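What the coordinates show
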Amino acid sequence: MKGESAVKLSGKIAAVTGGGGGIGRAAAETFAREGAAVLILEKDEKMGRETEEKIAADGGRAEFFALDISDWQKVQDVFGEIGEKYGGIDVLYNNASVFWGTKDAALDVLDVAVFEQIIRINLFGMMYCSKAAIPLLKKRGGGSIINTSSSCGLIGIPNCDAYSASKGATISLTRSMAVEFGPEKIRTNCIAPAAIHTPMIYESDLNKPTFDEQKFLTQGTPIRRWGTAQDIANIALFLASDDASYMNGAVLVADGGITVS
Ligand SMILES: NC(=O)c1ccc[n+]([C@@H]2O[C@H](COP(=O)([O-])OP(=O)(O)OC[C@H]3O[C@@H](n4cnc5c(N)ncnc54)[C@H](O)[C@@H]3O)[C@@H](O)[C@H]2O)c1
């Protein structure tokens, strides 16, 4: 662990949805290394507990809470429990989402029920957690909410219309929340990643027979590599910390230049 003076989240309580895997796990570990007590809100119990144990083994503080973010009642229960145990929180990282590359599709062939399910998890889940967390952030005198969009929220990408709709709405809701809760010292910002090498990427690209990874790495991405979960965790840490104390309503694009190429 770093010395107390070097850490950026000393004394903070940070909740990370989807903290069991991919970007969420990297962020949970990063926040803990930077001094935060990390609450891992994750639907996969095995992965959530693994993150919790890893952080504890490294000398950090973490607690796993089993949570499907698309279940409003459960979200209220878990944040109620967090309020009783911790009194409040300083950071909510709305990271959990699904991509469902085999079910999501172009609107004309997309199953309406699938559209509803993806919106329920990605958009409603983010809204539920934010709604339940805001009173806990207020109790600590303000804090930071970090939402997660995607390149799909910024540009048109085929065959994932439900995911794209959820990620576009995430940007709009980020801006509304920034305006609504800025006066209460709650900053709301959003990260828009693309091509981050996590399990989700296997849903979207790598498993498709048409996907040519070599071509992607030599032509498809200006920075000529996959992004890493740590690349995004570093941005989440910045937004969570006082280094970003004047940032509110921002969308930080982290995609190696894909959306500008
Ligand atoms: N990987 C990428 O290239 C990429 C690109 C753009 C945006 N993103 C976004 O970044 C975020 C993290 O993605 P990732 O690549 O780490 O994905 P991932 O699939 O590797 O990890 C997602 C985590 O969220 C959890 N989760 C899923 N549904 C949940 C639910 N209903 N309740 C609670 N937990 C749930 C999963 O169990 C998993 O631990 C997502 O919002 C994703 O849309 C990722």
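Under an unreviewed UniProt entry, the name given to the protein is Oxidoreductase, short chain dehydrogenase/reductase family protein, and the organism recorded is Christensenella minuta. Quoted verbatim from the Sequence similarities (unreviewed entry) heading of the UniProt record, the comment on the protein is "Belongs to the short-chain dehydrogenases/reductases (SDR) family."

Here we look at the environment of D205
Assignment of secondary structure puts D205 in helix α6 (residues 199-206). Taking the C-alpha atoms as reference, D205 lies 27 Å from L67; in sequence the two are 138 residues apart.

Describing the site of the ligand
Every one of the 29 residues lining the ligand counts as a neighbour, but E42, N95, Y163, I196 and T198 are closest to it. Contact between the ligand and I69: a nitrogen atom at 3.0 Å from a main-chain N or O atom of the residue. Take Y163: an N or O atom from its side chain is 2.6 Å from an oxygen atom of the ligand. Computed on the free molecule, the ligand has an accessible area of 840 Å², of which 93% lies beneath the protein chains in the complex. When residues in the shell around the ligand are grouped by element, the largest group, three residues, is from α6. Taken together, the residues of the shell around the ligand sort by class into 15 nonpolar, ten polar and four charged.

Looking at unusual backbone geometry
Although it is not a glycine, N159 sits at a positive phi angle of roughly 70 degrees. Despite not being glycine, R224 has its phi angle at roughly 65 degrees, a positive value. One can find R224 in the loop between α7 (213-220) and α8 (229-240).

Some words on the pattern of salt bridges
For the structure shown, the criterion picks out twelve salt bridges. Two residues, D243 and K8, come together in a salt bridge whose shortest N-O distance is 2.7 Å. Remark: K8 occurs in the segment before β1 (13-17) and D243 occurs in the loop between α8 and β7 (251-254); sequence separation between them is 235 residues. K46 is the partner of E50 in a salt bridge, and the nearest nitrogen-oxygen pair spans 3.1 Å. Taken as a pair, E50 and K46 lie in helix α2 (residues 45-57) at a separation of four residues, close to a single helical turn. Overall, E50 belongs to the partly exposed group, its relative accessible area being 32%. Connected via shared salt-bridge partners are R25, K46 and E50.

Quick notes on the pairing of strand β5 (residues 143-148)
Burial within β5 is extensive, with six of its six residues counted as buried. Every second residue of β5 is oriented toward a common face, with G143, I145 and N147 on one face and S144, I146 and T148 on the other, all of them buried. Looking at chain direction, strand β4 (residues 91-93) and β5 are connected through three bridges and run parallel. Counted as the bridge partner of Y93 is I146 from β5. Handedness of the crossover is the feature at issue here: the chain leaves β4, passes through helix α4 (residues 112-139), returns alongside β5, and the resulting connection is right-handed.

Notes on the sheet that holds β7
The sheet built from seven strands is open, its strands ordered β3-β2-β1-β4-β5-β6-β7 with parallel pairing. Both edges of this open sheet fall to β3 (61-66) and β7, since each of them pairs with a single strand only. Averaged over all pairs of adjacent strands, the angle between their axes in this sheet comes to 20 degrees, without regard to strand direction. When β1 meets strand β2 (residues 37-42), the two strands line up parallel, connected through five bridges. Pairing of I13 across the sheet is with A37, part of β2. Across the sheet, α4 lies against β1, β4, β5 and β6 (186-193), angled at about 170 degrees from β5, the strand it touches most.

A few points about the nonpolar core
It is characteristic of soluble globular proteins that their nonpolar side chains tend to be buried jointly. F31, V38, Y93, I146, I191 and I232 are the most contacted members of the largest nonpolar core, which has 30 residues in total. Elements with a contribution of two residues or more to this core: β1, α1 (22-33), β2, β4, α8 and β7. Top contributing element to this core by residue count: α8, with seven residues. If we ignore the near neighbours within four places in the chain, the residues touching I146 are V91, L92, Y93, N94, N189, I191, A236, L239 and A240. The next biggest cluster of nonpolar side chains, apart from the first, holds 28 residues, and it includes V75, V78, Y86 and I134.

Scoring rules and cut-offs
Residues numbered from 1 in each chain as written. Predicted model: local features only at pLDDT ≥ 70, side-chain atom pairs only at ≥ 80, totals over all residues. Heavy atoms only, no water. UniProt positions renumbered as here; feature names shortened; annotations may be inferred. Helix = DSSP H or I, 4+ residues; strand = E, 2+ residues; numbered from the N terminus. Near = heavy atom within 4 Å. Polar contact = N/O pair within 3.5 Å; in protein donor to acceptor, adjacent residues only side chain to side chain. Areas by Shrake-Rupley, 256 points an atom, 1.4 Å probe, with all protein chains shown as cover. Nonpolar A, V, L, I, M, F, W, Y, C, P; charged D, E, K, R; others polar. Salt bridge = Lys/Arg side-chain N within 4 Å of Asp/Glu carboxyl O. Buried < 20%, exposed > 50% of the residue type's maximum accessible area, 1.4 Å probe, protein only. Pairing = 2+ DSSP bridges. Right-handed = clockwise from strand over helix to strand, strands pointing away. Axes fitted to C-alpha atoms, helices over the stretch in contact; angles between N-to-C directions. Contact = heavy atoms within 4.5 Å. Core = buried A, V, L, I, M, F, W, Y, C linked by side-chain atoms within 4.5 Å.

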